[in-house]
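Survey of secondary and tertiary structure
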Amino acid sequence: MRVDAVIPVFGHGHLLPEAINSLANQEVPLSVLIIDDGNVPAIEVPDAPADGCVERISIVRQEANGGIAAARNLGLQHCTGDAIIFLDADDLLQPGAISRLASEMQSNECDATYGLVEEFGFGITEARIAKADGQPALLAGSTLLRKSSVDALGAFDETLGVGEFIDFMARAQRRKWNIKPIHVPVLRRRIHDRNTSWSGDPADFLRVVRRHILDGKGSPKT
């Protein structure tokens, strides 16, 4: 299985080399696509890890910042592998994470597989597992997506500044995707004062919740 790792970058360019280095020891062939989402100065192509998993690193640049959903959609247009993972530039993958997710995907013919998220950074004295409503958090960087399934589902909603992945996966669940977890940490999420989930518009999260609750009751989308 060939995997594309799409890394949108806006404002975290200094952390990008760490994200790229975390793609070492993934045990599957990787193509890395960096989306420079209007950075000034422009992002430069970093060196690939020495272990050889990363076969190619390329950059697509946007003149102006379009937001995370638009950056991911641009990345989708350039992906040619069997599966995709969206890694934020300020986060890190655990060694072997992609191979574990890919193995689960192939064994169970999944549309998506995801693992646990370990948080570190601001205000955290020791690493902890991220949770939402008491359940393990589901983030873009902890989820491997089958490319053909994504193509059939459609793009991220570019009107959402935050909550776009929640919206995407809610649509996937409504389409009865086969989504399986693996119960090991696959992503290290860096907590800091510029996390999108903290700095974004809370109204976008409310739109996502309202949209899918109303959908479930047969009401039109808003």
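Read on for an overview of the structure. (Residues numbered from 1 in each chain as written. Predicted model: local features only at pLDDT ≥ 70, side-chain atom pairs only at ≥ 80, totals over all residues. Heavy atoms only, no water.)

A look at the overall build of the chain
- Secondary structure assignment for the chain yields seven helices and 11 strands.
- Within the chain, the proportion of its 222 residues that are buried is 51%.
- Here the analysis covers contacts within the chain between residues at least 6 apart in sequence; of these, 77% occur between residues at least 24 apart.
- Approximately 10,800 Å² of the chain is accessible, and the part contributed by carbon and sulfur atoms is 49%. (Helix = DSSP H or I, 4+ residues; strand = E, 2+ residues; numbered from the N terminus. Buried < 20%, exposed > 50% of the residue type's maximum accessible area, 1.4 Å probe, protein only. Contact = heavy atoms within 4.5 Å. Areas by Shrake-Rupley, 256 points an atom, 1.4 Å probe, with all protein chains shown as cover.)

A short note on helix 5 (residues 164-174)
- The element helix 5 is largely enclosed, with a buried count of eight among its 11 residues.
- Taken together, the buried positions of helix 5 are Glu-164, Phe-165, Asp-167, Phe-168, Met-169, Ala-170, Arg-171 and Ala-172.
- Backbone geometry just after helix 5 places Lys-176 at a positive phi near 65°.

Regarding the pattern of salt bridges
- One pass over the full model with this rule turns up nine salt bridges.
- A salt bridge links Glu-164 to Arg-72, with the shortest nitrogen-to-oxygen separation between them at 2.5 Å. Of this pair, Glu-164 sits in helix 5 while Arg-72 is found in helix 2 (residues 68-78), placing the two residues 92 residues apart along the sequence.
- Residue class for Arg-72 comes out buried when judged on its relative accessible area of 3%.
- Note that Arg-189 is salt-bridged to Glu-119, the shortest N-O span being 3.3 Å. With a gap of 70 residues between them, Arg-189 in strand 11 (residues 179-191) and Glu-119 in strand 6 (residues 112-121) connect regions that are remote in the sequence. With respect to burial, Arg-189 and Glu-119 carry one shared label: buried.
- Within the structure, one salt-bridge network assembled from shared partners comprises Arg-72, Asp-88 and Glu-164. (Salt bridge = Lys/Arg side-chain N within 4 Å of Asp/Glu carboxyl O.)

Points about the pairing of strand 4 (residues 83-86)
- Neither face of strand 4 is left uncovered, since the one carrying Ala-83 and Ile-85 and the one carrying Ile-84 and Phe-86 both have all their residues buried.
- Here three bridges tie strand 4 to strand 10 (residues 143-146), and the two strands are oriented antiparallel to one another. Bridged to Ile-84 within strand 10 is Leu-145. (Pairing = 2+ DSSP bridges.)

Things to note about helix 3 (residues 97-108)
- Along its 12 residues, helix 3 runs 17 Å from first to last C-alpha, staying within 8% of the 16 Å computed at 1.5 Å per residue.
- Where helix 3 is concerned, the buried positions are Ala-97, Ile-98, Ser-99, Leu-101, Ala-102 and Met-105.
- Remark: Glu-109 follows helix 3 within two positions and exhibits a positive phi of approximately 50°. (Expected span 1.5 Å × (residues − 1).)

Let's talk about the packing of aromatic side chains
- Applying the stated criterion across every chain yields a total of five aromatic pairs.
- Aromatic side chains Phe-156 and Phe-168 sit 4.5 Å apart centroid to centroid with 25° between the ring planes, which places their arrangement in the stacked category. One end of the pair, Phe-156, is in the loop between helix 4 (147-153) and helix 5; the other, Phe-168, is in helix 5, and 12 residues separate them in sequence. Across the pair, Phe-168 and Phe-156 agree in class, each one buried.
- Taken together through their ring pairs, the aromatic side chains of Phe-86, Phe-156, Phe-165, Phe-168 and Trp-177 make up a single cluster.
- Between Arg-72 and the ring centre of Phe-156, over which it is positioned, the NZ or CZ distance is 5.7 Å.
- Against the face of Phe-120 rests Arg-188, its NZ or CZ located 4.1 Å from the ring centre. (Phe/Tyr/Trp six-rings, centres within 6.5 Å; stacked < 30°, edge-to-face > 60°. Lys NZ or Arg CZ within 6 Å of the ring centre and 35° of its normal.)

As for unusual backbone geometry
- Along the chain, Val-40 connects to Pro-41 via a cis peptide bond; the corresponding omega equals -5°.
- Relative to the elements of secondary structure, Pro-41 occurs in the loop between strand 2 (30-37) and strand 3 (54-62).
- At Asn-25, a residue that is not glycine, the phi angle is positive and equals roughly 60°.
- On the secondary structure map, Asn-25 appears in the loop between helix 1 (16-21) and strand 2.
- The backbone of Glu-109 sits at a positive phi, close to 50°, despite the residue not being glycine.

Quick word on the nonpolar core
- Counting residues in hydrophobic clusters, the biggest one holds 34 residues, and the most contacted among them are Ile-7, Leu-23, Val-32 and Ile-34.
- Those elements that place two or more of their residues in this core are strand 1 (3-9), helix 1, strand 2, strand 3, strand 4, helix 3 and strand 11.
- Per-element accounting of this core gives the leading share, five residues, to helix 3.
- Setting aside its immediate chain neighbours within four residues, Leu-23 contacts Ala-5, Ile-7, Leu-30, Val-32, Pro-49, Cys-53, Val-54, Leu-87, Leu-93 and Ile-98. (Core = buried A, V, L, I, M, F, W, Y, C linked by side-chain atoms within 4.5 Å.)

Structural measurements only, silent on function.
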